[in-house]
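Summary of the model geometry
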Amino acid sequence: MQRKTIAVLFTLLALVLMFSAIPSLSYAQTTGKIVGTVVDKQTGDPLPGANVQIIGTSLGAATDSHGEFIITNVPVGKYSVRARFIGYNDMVIENVRVNLGLTTTLNFQLLPSVIQTQAVKVVAERPLIEKSATNAVRIVTSDEINNLPVRGVQVVANLQPGMVAQDGQLYIRGGRSDEVGYYLEGASVRDVVTGGSAAMLIPEALEEMQLQLGGYNAQYGGANSGLIQQIMKSGTPNFHVSIHSETDNFTPMNQKRFGTYSYGYSDNVITVSGPIPLLGSKARFFLAGENNFYRDRYRRFWEPFAFYSRYTPLPDGTVMKLVDSGLRGGTPGEELQSIVWDGGNVPSGATSNRYTGNGVLTFDLNKIKLRISGTTTWRRSTTNHLPIMRLFNQSRFPVTDYSNGLYTAKITHVLSPSMFYTLSINYYDQRGKTYDPYLKDNYWLYSDSLENAKYGFTQWDTYTRDPNPYDIYGFPFDRPGHLLTGYSKYKRHYIGGNLDFTKQFKKHEFQFGGEMQYWTLRNWSALSGVTTGGLLSFLRSNPDITKDQARFDKYMRSLSPNNYGYDLYGNETNAGGIFDSPRHPVIGAAYVQDKYEYKDLVINAGLRLDYYNMDEYEPLNYKDPGFNSDNLTLPADQYKKVKPFITGSPRLGFAFPVTDQTVFHLQWGKFVQMPQMSQAYRSSASRVSQMAGGFFYTNPMAFAVHPERTTQYEIGFSQQFAQNASFDATLFYKDIKDQLQTRRVFPAPSSGAQAYDITTNGDFATTKGLEFRLTLRRTHRIMGFINYTFSQAKGTGSYVNQASASLDQATNQITIITPLYFNQTHRGAISFDYRFAKNDGGPILERSGLNVMFTFNSGHPYTLSTGGIGQNDVAQGAILPDADARNRRPLEPIGSSTTPWNFNLDMKLDKTVSIANFDVDFFVYVQNVLNTKNVINVYPRTGNAYSDGFLEDPELSGSVIQSAGGEGYAEMYRAINLGNRQHYMWAGFRGTDLWGTPRQIRFGVMINY
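How each quantity is defined
Counting from 1, residues in each chain are numbered in the order their sequence is written. This being a predicted model, a pLDDT of at least 70 is required before a residue's local features are given, and a value of 80 or more before pairs of side-chain atoms are given or counted; all residues contribute to the totals for chains, interfaces and linings. Where side-chain values are given, they derive from all heavy atoms of the structure, hydrogens and water being excluded. Secondary structure elements follow DSSP: runs of H or I of four or more residues count as helices, runs of E of two or more count as strands, with numbering from the N terminus. We compute the radius of gyration from the C-alpha atoms alone; for a globule the expected value is 2.2 Å times N to the 0.38, where N is the number of residues. When a residue's accessible area, from a 1.4 Å probe over protein chains only, is under 20% of the maximum for its type it is buried; when over 50% it is exposed; and in between it is partly exposed. Residue contacts follow a heavy-atom distance rule, with two residues in contact if any of their heavy atoms lie within 4.5 Å. Here the Shrake-Rupley method, with its probe set to 1.4 Å, supplies the accessible areas, and only the displayed protein chains count as covering residues. Under the counting rule used here, the positive set is Lys and Arg, the negative set is Asp and Glu, and His together with the chain ends is not counted. Every charge is mapped to an atom, namely NZ of Lys, CZ of Arg, CG of Asp or CD of Glu. Every case where a carboxyl oxygen of Asp or Glu lies within 4 Å of a side-chain nitrogen of Lys or Arg is listed as a salt bridge. Strands qualify as paired when DSSP identifies two bridges or more between them. Each patch is built from residues that are more than 30% exposed by relative accessible area and take part in no salt bridge. Like charges join if they lie within 9 Å; nonpolar side chains (Val, Leu, Ile, Met, Phe, Trp, Tyr) join within 5 Å. Throughout, the arc means the angular range of directions from the helix axis out to the C-beta atoms. Here a Phe, Tyr or Trp ring, Trp counted by its six-membered ring, pairs with any other such ring whose centre lies within 6.5 Å, and the pair is stacked when the planes are under 30 degrees apart, edge-to-face when over 60, and tilted otherwise. Only lysine NZ and arginine CZ atoms are considered, and such an atom sits over a ring when it is within 6 Å of the ring centre and within 35 degrees of the ring normal. One confidence number per residue, pLDDT, is output by the predictor and ranges from 0 to 100. Nonpolar core, defined: a set of buried Ala, Val, Leu, Ile, Met, Phe, Trp, Tyr and Cys residues in which side-chain atoms within 4.5 Å join the residues together. Any pair of N or O atoms that falls within 3.5 Å is considered a polar contact. Within protein, one atom must be able to donate a hydrogen and the other to accept it, and sequence-neighbouring residues count only if both atoms are side-chain atoms. Lines fitted to the C-alpha atoms define the axes, with helices restricted to the stretch that makes contact. Angles between their N-to-C directions range from 0 to 180 degrees. Every angle not falling under 35 degrees, over 145, or within 65 to 115 is termed oblique; those three ranges are roughly parallel, roughly antiparallel and roughly perpendicular. For a crossing to be left-handed, the near helix must be turned anticlockwise from the far one by less than a right angle; the clockwise case is right-handed.

Here we come to the overall build of the protein. Looking only at helices and strands, the protein has 14 helices and 49 strands in total. Over its C-alpha atoms the protein spans a radius of gyration of 31 Å, differing by no more than 12% from the 30 Å that the globule rule assigns to 1009 residues. When the backbone C-alpha atoms are referred to their principal axes, the protein occupies close to 105 × 70 × 60 Å. Counting all 1009 residues of the protein, 57% fall into the buried class. For the protein, restricting intrachain contacts to residue pairs at least 6 apart in sequence, the fraction spanning at least 24 positions comes to 71%. Taken as a whole, the protein presents about 40,100 Å² of accessible surface, with 58% of it coming from carbon and sulfur. Mean positive and mean negative side-chain charge positions of the protein (94 and 87 charges, respectively) differ by 4 Å.

Shown next as structure tokens:
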């Protein structure tokens, strides 16, 4: 870090320490609070000095002269709370839930001891409306997740109002997917390079997930769209063990049963919790471990086909001959006996094997409380985006190893019943590696035929060239041993901390705090010359090259590696100059917050000061960026360090609890976020390659991007209209600025550089909508909810490089507002749960339940387009990809059309029985009960998912069909592309497929002790 960076960080910490001397300090990020009154039940008189205690903890408070009490710093979870007063019977309220950052209200009515001699016990019900929230807050607990016919914390988040899940990405209130903030145990787990969540929580380890859709308080930052916060379970007072196991392995591979297939899925979880031996009830632990496995993680609708050489008749009367044309470098005339695709569940080669561990240790030492938590994940997966093209090369799919870990330690010091401070230390680590399954880390040998021969791959074309594919009627099919990947790796970690203080002063909760993250980022991307054999050929032609390091380095740079934190050869280093050394972004913040709570008014007012040092450099002169064609470098003296960004974000929210059943809320706030930095963190070699020209880059470099900004307005109304039913509705409007987009720079002729694209700030969007939720608490065996969102999201760009095609065609930068491609105007979920309790329904139906969930959305915008083949492979036809849209010509205003509505029905049936001291729950759930073939994307030329419009247009396909073999090409095109979407997956569309997932049936058991 530079001296200025260190100075700013110390200034922020000094502000924290200075304000720690006054009662206006910060809020613990994993706690809530309990407030209420203690009164005489007969007279209603307050009972001053009554003792209120959270059973099993050291937390408690005494009532004041008005009989009121406040218990702060209560960890999220469920508790039993007891009230005591001399001369009165004790009263215990059980099942009291404390939510993150919210206030739980309890009212104790005590009877004199002369009337009753035993303590009164009351079971609390979770409030249907949150009176203390000044913004839209959605809370999901582990109890609610257990009954749903879905698996995974993220999947449940997708069901909430305001959330849009599309093509594997999550969007909140019209913001881009990288604008969502993720917190686990109070620590950020947002990936600063790519955006998105970078941590995994086991569903059985979740205590609470809270979704704040944009209007969160000043203590939170780093998210323009919304926050997803997760808190893990703490240890239980008594020893507890649970085992969860589920699978879809009820049928052999590719055999259909119950109208579906097995995808080789299994998920096994064990949890253990309780007091720590020898330390008593003041120390507890919770541990959870999970193994999740997929033999086929794609789960797609596949259509079978079979072509047999000299036996498959064609429409024109001829028979198909599966003969290699030799046009792709293979042996002309070599014949295949058959090409058979079974459809259904095929061995696509896309496997996944994940191990996850979660754990929490808590120590309650009265005035000092310590919480240590950790979550770690290791996953190995294989990838095969084109399973039909790889039918003859089934053993060499790319392997990716991925791991992450978050470790936190939080010490809370209670200075008084109304004041405490918390110090948190967080360490986060994420790393990944993609490699060939045989040669692994030895990337130098990937294109060495002698090394490959050791694994049985002997049919190489040359010493450094792997087998060329068969060309059958214009379609490439890999020969055995064909290399499918290069080598790449990365490491990302941060060390961070929070210093937070809270002071409760009458009706005010004053908060102040500060935080910091110091990142270290390293990357070494695949070298194109490794898999093509260029590197080995160069070494063979220049055997003494290692003696001329400068020349060898230049050659390696010519392969355009994206290396920072690693040298050109993949060795970890802290050197490398301004672009090739490790990147060290620094994120810091200080904030002050006041939450005032009275009977009919709650005010949340705060100010956040964010500091972003993104560790960026930019040219002194963009028209002369210092391009050096001799040694392929960028001179450091032609660049300057980008100054850190410091910005303030005010937040203001109001809640008006008119009654216990009616609440209005208003919220206004400004939010700022560091954008995803994948374009900004590029090596000098990668940048030189772009400046040299000659290629079209779909994801261009960035030099000096700055934070993205959002202003949001929100108004909401919550009403409990029956004892067990309520609804809430929220209107929102957002103005989003400085989103990333692509622009073109035209250098001076004397610079030596060609016109090059850069990623910079510029896109903007406006979004608005209505969120609605109807909740029915368990009543006469029935419980359910209805979630619905109406939204309109418009902007100048749906993703970073949407304008790249217009730039390449020298048209104007897009500045008009159009529908964003991830907008879904209507979206909702309906859940119905019917359940028999213990001693209800007789021996058969007792403790059994049925959950049915219906989800729907109205589709998303797209643009009808036309265009030629361009640089597409002949096997892709004239498909019009998003990644390279230079050939696309819109036939209508952008985003004018909409994909079809989607409807999906899921169902879960379960039954619990008691065996000795164990509760055993047997269950089965079916996803996509009706096996609906939902259209999630369409071909831009036709607007449907059945035909891309290529074969039907002789002007487009006529010459291609003729040159590729006539009717044989057309038949294979229908089977491979239209039936199984290989060209769509190959061409790099944002969506991974045109269709949703088919029916899946899973059986399982849950054992609790």
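Turning our attention to the pattern of salt bridges. Counted under the stated rule, the structure contains 49 salt bridges. Salt-bridge contacts for Lys-33 lead to Glu-597; the nearest nitrogen and oxygen are separated by 2.7 Å. Remark: Glu-597 occurs in strand β30 (residues 586-598) and Lys-33 occurs in strand β1 (residues 31-40); sequence separation between them is 564 residues. Take Lys-33 and Glu-597: they sit in the same class, and that class is buried. Asp-441 is paired through a salt bridge with Lys-433; the nearest N and O atoms lie 3.2 Å apart. Using a relative accessible area of 25% as the deciding quantity, one classes Lys-433 as partly exposed. In this structure, a network of salt bridges that share partners links the residues Arg-138, Arg-173, Glu-714, Asp-728 and Glu-771.

One open sheet accounts for five strands, arranged β9-β14-β15-β12-β13; its pairing is mixed. Each edge of the open sheet is held by one strand with a lone partner, namely β9 (137-141) and β13 (187-188). The sheet contact formed by strand β14 (residues 206-212) and strand β15 (residues 226-232) spans six bridges and is antiparallel. Opposite Gln-210, over in β15, you have Gln-229 as the bridge partner.

The next thing to look at is a nonpolar patch on the surface. The grouping of Leu-365, Ile-368, Tyr-407, Ile-411, Leu-423, Ile-425, Tyr-427 and Ile-495 at the surface amounts to a nonpolar patch, some 700 Å² of accessible area in total. At the level of secondary structure, the elements contributing two or more residues to the nonpolar patch comprise β23 (399-416) and β24 (419-435). Sort the elements by how many residues they give to the nonpolar patch and β24 lands first, with three residues. Residue placement: Leu-365 occurs in strand β21 (residues 352-365). Exposure remark for Leu-365: the relative accessible area of 53% places this residue in the exposed category.

Even without a glycine there, the phi angle at Glu-185 is positive, about 55°. Within the fold, Glu-185 resides in the loop between β12 (180-184) and β13. The exposure class of Glu-185 is buried, given its relative accessible area of 8%. One non-glycine residue with positive phi stands out, namely Phe-258, at about 55°.

Those residues of helix α6 (residues 534-541) that fall on the buried side of the exposure criterion are Leu-535, Leu-536 and Phe-538. Projected down its long axis, α6 carries its buried residues within an arc of 160°, all on one side. Of the residues in α6, the exposed ones pointing more than 90 degrees away from the buried face are Arg-540 and Ser-541.

On to the packing of aromatic side chains, then. Geometrically, a pair of aromatic rings is defined through the distance of the ring centres and the angle of the planes. This model, assessed by the stated rule, comprises 52 aromatic pairs. Taking 6.4 Å as the distance between ring centres and 50° as the angle between the ring planes, the aromatic pair formed by Trp-444 and Phe-552 counts as tilted. Linking Trp-444 in the loop between β24 and α4 (449-453) with Phe-552 in helix α7 (residues 549-558), this pair joins segments that are 108 residues apart in sequence. Seen in terms of ring centroids, Tyr-639 and Phe-703 are 6.0 Å apart; in terms of plane orientation they differ by 35°. Their pairing is tilted. A residue pair is termed long-range when its members are at least 10 positions apart, and Tyr-639 in strand β33 (residues 639-641) and Phe-703 in the loop between α9 (684-692) and β36 (708-722) qualify at 64 residues. On the basis of relative accessibility, which here comes to 2%, the residue Phe-703 falls in the buried class. Sitting above the plane of the Trp-995 ring, Lys-933 keeps its charged end 4.6 Å from the centroid.

Moving on to the confidence of the model for the protein. Close inspection of predicted coordinates is inappropriate in any region flagged by low pLDDT. Per-residue confidence for the protein gives a mean pLDDT of 88, with 94% of residues at or over 70. Here residues 1-28 is a poorly scored stretch, pLDDT under 50, and it has 63 contacts once near neighbours within four places are set aside; other chains count.

Residues Met-209, Leu-211, Ile-228, Tyr-428, Met-674 and Tyr-681 are the most contacted members of the largest nonpolar core, which totals 55 residues. Apart from the residues within four sequence positions on either side, Tyr-681 is in contact with Val-193, Leu-521, Asn-562, Tyr-564, Arg-583, Pro-585, Met-614, Asp-615 and Met-674. If you look at the next biggest cluster of nonpolar residues, it comprises 45 residues, including Phe-301, Leu-336, Tyr-473 and Trp-995.

Looking along a regular strand, one sees side chains alternate from face to face of the sheet. Pairing geometry for strand β28 (residues 508-524) and β30, over 11 bridges, is antiparallel. The residue of β30 that forms the bridge with Phe-510 is Asp-594. By the bridge criterion, 13 bridges tie β30 to strand β31 (residues 601-613) in an arrangement that is antiparallel. Bridge pairing in β31 links Gly-588 to Tyr-611. Between β30 and β31, which pair antiparallel in sequence order, lie two residues.

With that settled, the discussion passes to the environment of Thr-331. Positionally, Thr-331 belongs in the loop between β19 (305-308) and β20 (338-341). Sequence separation of Thr-331 and Phe-721 is 390 residues, and the distance between their C-alpha atoms is 76 Å.

This part covers the side chain of Gln-741. Relative to the assigned elements, Gln-741 resides in strand β37 (residues 725-745). The buried category is assigned to Gln-741, whose relative accessible area is 3%. Separated by 2.7 Å, the side chains of Gln-741 and Arg-743 make a polar contact.

Turning our eyes to something else, we now look at the side chain of Arg-941. Within the element layout of this structure, Arg-941 appears in the loop between β48 (918-927) and α12 (954-964). Within polar-contact distance, the side chain of Arg-941 engages the backbone oxygen of Asp-948 at 3.4 Å. Each residue touching Arg-941, except ones within four places of it in the same chain, is listed here: Leu-864, Ser-865, Thr-866, Gly-867, Ala-878, Leu-880, Asp-948, Gly-949 and Leu-956.

Right, let's talk about the environment of Ile-715 for a bit. Locating Ile-715 in the fold gives a position in strand β36. The exposure class assigned to Ile-715 is partly exposed, which follows from its relative accessible area of 43%. When the C-alpha atoms of Ile-715 and Ala-729 are compared, they prove to be 8.5 Å apart, with 14 residues separating the residues in sequence.

Our focus in this paragraph is the packing of α6 against α7. Between α6 and α7, the shortest axis-to-axis distance is 11 Å and the interhelical angle comes to 160°. When the interaxial angle is binned, α6 and α7 end up roughly antiparallel. Classified by chirality, the crossing of α7 by α6 is right-handed. Within the contact between the two elements, α6 uses Gly-534, Leu-535, Phe-538 and Leu-539 and α7 uses Phe-552, Tyr-555 and Met-556.

This part is about the sheet that holds strand β2 (residues 51-54). Spatial ordering of the open sheet is given by β3-β2-β5-β6-β8, a layout of five strands whose pairing is mixed. The sheet is open, and its two edges are formed by β3 (60-62) and β8 (120-123), each paired on a single side. Within the sheet, the average angular offset between the axes of one strand and its neighbour, ignoring direction, is 20°. Bridge analysis of strand β5 (residues 77-84) against strand β6 (residues 91-98) gives six bridges, and the strand direction is antiparallel. Pairing of Arg-82 across the sheet is with Val-92, part of β6.

In terms of residue burial, β14 counts as a mostly covered element, since seven of its seven residues are buried. Two elements, β9 and β14, share five bridges in a ladder whose sense is antiparallel. Across the sheet, residue Thr-141 finds its bridge partner in β14, namely Glu-208.

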